[in-house]
Amino acid sequence: MTERELQMYADRCSIELEKKQKQLKADFGLSGQDEYVLDLDSRILRFEKDSVLRCQFSVIVIGSLAPVSKNWLWGWANESLREEFRERAAVLNALYDETGFDIFKVGTFKADANLARELSALAVHSLDAAGLYRVPGGEDQDGQVQIYLALFPA
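Before going into details, it helps to say that this report is about the structure given with it. Everything numeric in this text was worked out from a predicted model, so none of it was measured.

Axes are the key here: two packed helices are described by the angle between their axes and the distance separating the axes. One can describe the packing of helix H1 (residues 3-28) onto helix H4 (residues 113-127) by two numbers: an axis separation of 8 Å at closest approach and a directional angle of 75°. Viewed along their axes, H1 and H4 adopt a mutual orientation that is roughly perpendicular. Along its contact with H1, which presents Gln7, Tyr9, Ala10, Asp11, Cys13, Ser14, Glu16, Leu17, Glu18, Lys20 and Gln21, the element H4 presents Arg117, Glu118, Ala121, Leu122, Val124 and His125. Within the contact of H1 with H4, the residues separate by chemical class into 7 nonpolar, 4 polar and 6 charged.

Set out below in structure tokens:
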């Protein structure tokens, strides 16, 4: 795949993701400002309103972005995650086989929020996920890391 072909593929996946995000909003009222509980032990993301469950999703950690260093870390390469979470995310290595681009087999690299969103769109498409949700992770010298999650109805 050429760079131009990859960009066209990423653009199609981004359009598809926007449609999926609109569907999540229509079906569940998700807006990005929701009350949620992320239970990584069970790989479940629950959305609540006034402590009442509205909906829940099984998740795969696509990756994370550190805002200061601008480092992207694929979920499958994140050693702070349990092995089973990394294994679930490892299916994203197929994006390397599909595209031939090293960005899909290198565990971490420089990225910004726009690239993180494009990578997440490709991942959501590849995983046939219902959509994407971004949550804040831990805070360190890089500020508050953003974790990108692929959503699957639970």
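Counting across every chain of the model gives 7 aromatic pairs. Aromatic side chains Tyr36 and Tyr133 sit 6.0 Å apart centroid to centroid with 70° between the ring planes, which places their arrangement in the edge-to-face category. Linking Tyr36 in strand S1 (residues 35-39) with Tyr133 in strand S6 (residues 131-140), this pair joins segments that are 97 residues apart in sequence. With relative accessibility at 29%, the residue Tyr36 sits in the partly exposed group. Measuring from centroid to centroid gives 4.9 Å for Phe47 and Tyr133, while their planes differ by 75°, and the two rings are edge-to-face. Highlighted residues: Phe47 in strand S2 (residues 44-49) and Tyr133 in strand S6, separated in sequence by 86 residues. Each of the two residues, Phe47 as well as Tyr133, counts as buried. One aromatic cluster is present, formed by Phe28, Tyr36, Phe47, Phe57 and Tyr133 through successive ring pairs.

Analysis parameters
- Residues numbered from 1 in each chain as written.
- Predicted model: local features only at pLDDT ≥ 70, side-chain atom pairs only at ≥ 80, totals over all residues.
- Heavy atoms only, no water.
- Axes fitted to C-alpha atoms, helices over the stretch in contact; angles between N-to-C directions.
- Helix = DSSP H or I, 4+ residues; strand = E, 2+ residues; numbered from the N terminus.
- Parallel < 35°, antiparallel > 145°, perpendicular 65-115°, else oblique.
- Contact = heavy atoms within 4.5 Å.
- Nonpolar A, V, L, I, M, F, W, Y, C, P; charged D, E, K, R; others polar.
- Phe/Tyr/Trp six-rings, centres within 6.5 Å; stacked < 30°, edge-to-face > 60°.
- Buried < 20%, exposed > 50% of the residue type's maximum accessible area, 1.4 Å probe, protein only.

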